[in-house]
Structures are given as C-alpha cells and as structure tokens.
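Structural overview
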Amino acid sequence: AWSVMNDLTSVSDTSLAEVERARATTDNLVVIETDMAEVLKGNQQILNASQEIATAVNQSKKAIDQIAAAAEQAASNTTEASAAAEQQARGVESLAMAIEDIASVADELQSA
C-alpha cells in the first residue's frame, strides 16, 4: 500500500510538472502571437508606405513628362520667334533702303 501511495505521489508530481510546462508553453505562445501581430502591423505600414512611394513616383513621372512637353513647346516657340525676328530684320533693311531711296529722290528734287 505504501508503494502504491508513493507511485501515486510520483505520478501526481509528474503531472503537476507537466501542467506547469504546458502553462509556460501557453504563455510563450501568447507572447509569440503578440509579437507576430506587431510584425504584421509593421509589414502593413511598410506596404502602405510603398504604395504611397509608388504613387509619388507616378506623379513625378507625369510632372517630368509635362515639363518635357513644355520644354519642347518652348523650343518650338523660340524657333518661331527667331524666324519672326529674321523676317523683321529683313523688313527693317527694306524699310531703310526705301528711306534712303526717298531721301535720294528728295535730294534730287531739291537740287533740281
């Protein structure tokens, strides 16, 4: 009877030790679950930031495209302005020649 009682006490002690180990494991799993939730939250923040960066890059590309188009238009306008300036210069030369001709005719008329 004494041996059976010792065996039961030993089994009881072993069972209590196993329950304590199971409780510690459960506590560790709760900590792991909390840590994983934090990791998931961090990953979501990284994903959101990446999406914002992608949007900003796309907007920057559109702005760069608009700047390039404006630069092309400015180059075209400069070419047109240059051509107009050359045309005006020829017009001024023609006007100067006409004025000289008129002055020459005026001189001739005064001399006559």
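Residues numbered from 1 in each chain as written. Predicted model: local features only at pLDDT ≥ 70, side-chain atom pairs only at ≥ 80, totals over all residues. Heavy atoms only, no water.

1. A word on the environment of glutamine 59
- Among the secondary structure elements, glutamine 59 is positioned in helix 1 (residues 2-111).
- Classification of glutamine 59 as exposed rests on a relative accessible area of 52%.
- As for glutamine 59 and alanine 17, which are separated by 42 residues in sequence, their C-alpha atoms are 63 Å apart. (Helix = DSSP H or I, 4+ residues; strand = E, 2+ residues; numbered from the N terminus. Buried < 20%, exposed > 50% of the residue type's maximum accessible area, 1.4 Å probe, protein only.)

2. What about a nonpolar patch on the surface?
- A cluster of nonpolar residues, Leu29, Ile32, Met36 and Val39, forms a patch on the protein surface that exposes about 390 Å² of accessible area.
- Its place among the elements puts leucine 29 in helix 1.
- Taking the relative accessible area as the measure of exposure, leucine 29 reaches 53% and is therefore exposed. (Patch = residues over 30% accessible without salt bridge, like charges linked within 9 Å, V, L, I, M, F, W, Y side chains within 5 Å. Areas by Shrake-Rupley, 256 points an atom, 1.4 Å probe, with all protein chains shown as cover. Salt bridge = Lys/Arg side-chain N within 4 Å of Asp/Glu carboxyl O.)

3. Focus on the pattern of salt bridges
- This structure, assessed with the given rule, holds 3 salt bridges.
- One salt bridge connects arginine 21 with glutamate 18, and the closest N-O pair in it is separated by 2.1 Å. Pair noted here: arginine 21 and glutamate 18 are both in helix 1, with a separation of 3 residues, about one helical turn.
- Overall, the relative accessible area of 47% leaves arginine 21 in the partly exposed class.
- Given a relative accessible area of 42%, glutamate 18 falls into the partly exposed group.
- The partner of arginine 23 in a salt bridge is glutamate 20, and the shortest N-O contact between them spans 2.7 Å. In this pair, arginine 23 and glutamate 20 are both assigned in helix 1, 3 residues apart and thus about one turn of the helix distant.
- On the accessibility criterion, glutamate 20 (45% relative accessible area) is partly exposed.

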